[in-house]
Amino acid sequence: QVQLVEIGGGLVQAGGSLRLSCTASGGSISSCAMGWFRQAPGKEREFVAGINWSGSSISYLDSVKGRFTISRDNAKNTVYLQMSSLKPEDTAVYFCAAALWKLRAVTTERDYNYWGQGTQVTVSS
């Protein structure tokens, strides 16, 4: 059973940056597509970024394109989300997820098999 743990959240001013990390234990994620989702208060969880096992397929939510970068280090069993030019509307709990046996980046929540517990990101104006 793969377990995912996110770190790196926190409070940052608008325009600032944060880097989230998601490290897996209990199994390798090297063959998994990985994704980041977020859920703001009172809203549904939404896809933010996804990457396939090799990094050759990447997808982003339109509103974060050019500001967020997803990457992975399979040797460290870790996926990252570099967030720059943060806006107050980026405030949410950010979740990491793993999808088994997917060749391309995955954008749909139901296709993910494992989830982390989330890390809070708060962007002040």
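Look above for the structure.
## Focus on unusual backbone geometry
Part 1 of the reasoning: With a phi close to 50 degrees, serine 85 is a non-glycine residue in the positive phi region.
Part 2 of the reasoning: Relative to the helices and strands, serine 85 is located in the loop between β8 (78–83) and β9 (92–99).
Part 3 of the reasoning: The phi dihedral of tryptophan 101 is positive, around 55 degrees, even though this residue is not glycine.
Part 4 of the reasoning: Its location among the elements puts tryptophan 101 in the loop between β9 and β10 (114–115).

## So, the packing of aromatic side chains
Part 1 of the reasoning: Using the criterion set out here, one finds four aromatic pairs in the structure.
Part 2 of the reasoning: A network of ring pairs unites the aromatic residues Phe37, Phe47, Tyr112 and Trp115 as a single cluster.
Part 3 of the reasoning: Lying over the aromatic face of phenylalanine 95, arginine 45 brings its terminal NZ or CZ to 4.8 Å of the ring centre.
Part 4 of the reasoning: Positioned above the aromatic ring of tryptophan 115, the side-chain terminus of arginine 45 is 3.9 Å from the ring centre.

## Considerations on the side chain of arginine 38
Part 1 of the reasoning: Here arginine 38 lies in strand β4 (residues 33–39).
Part 2 of the reasoning: Separated by 2.7 Å, the side chains of arginine 38 and glutamate 46 make a polar contact.
Part 3 of the reasoning: Within the local environment of arginine 38, its side chain forms a polar contact with the side chain of tyrosine 94, the two groups lying 3.0 Å apart.

Calculation rules
- Residues numbered from 1 in each chain as written.
- Predicted model: local features only at pLDDT ≥ 70, side-chain atom pairs only at ≥ 80, totals over all residues.
- Heavy atoms only, no water.
- Helix = DSSP H or I, 4+ residues; strand = E, 2+ residues; numbered from the N terminus.
- Phe/Tyr/Trp six-rings, centres within 6.5 Å; stacked < 30°, edge-to-face > 60°.
- Lys NZ or Arg CZ within 6 Å of the ring centre and 35° of its normal.
- Polar contact = N/O pair within 3.5 Å; in protein donor to acceptor, adjacent residues only side chain to side chain.

By themselves these figures say nothing about function.
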